[in-house]
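Per-entry structural report
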Amino acid sequence: MAELNHLTDEDVWNLFRNGRQQAITELFRRHYRVLYSYGMKFSRNENLTKDSIQEIFLELWHKRDTVPAVY
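Residues numbered from 1 in each chain as written. Predicted model: local features only at pLDDT ≥ 70, side-chain atom pairs only at ≥ 80, totals over all residues. Heavy atoms only, no water.

Our next topic: the pattern of salt bridges. Evaluated as defined, the whole model comprises 5 salt bridges. With a closest N to O distance of 2.5 Å, Glu26 and Arg29 form a salt bridge. Placement of both Glu26 and Arg29 in helix 2 (residues 21–40) is noted, with a separation of 3 residues, approximately one turn of the helix. Residue classification places Glu26 among the buried residues on the basis of a relative accessible area of 0%. In this structure, the salt-bridge partner of Arg30 is Glu26, at a minimum N-O distance of 2.8 Å. Of this pair, Arg30 and Glu26 are both found in helix 2, 4 residues apart, which corresponds to roughly one turn of the helix. With a relative accessible area of 22%, Arg30 lands in the partly exposed category. (Salt bridge = Lys/Arg side-chain N within 4 Å of Asp/Glu carboxyl O. Helix = DSSP H or I, 4+ residues; strand = E, 2+ residues; numbered from the N terminus. Buried < 20%, exposed > 50% of the residue type's maximum accessible area, 1.4 Å probe, protein only.)

And the structure:
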């Protein structure tokens, strides 16, 4: 992932939209902790929170052709 870690979130997002699998992995790596902390405010079930985050990223990957670009 070192090749993507110097890019902005916007650049990585747009690479993800274009189907670059390493980009969604990088987005996951960058934002997992914040999403986990946020999810734990709603449910103290760690497994549910982790599974929910994975489901979000899986859904994003499947719908990458329809998510908007960021600038």
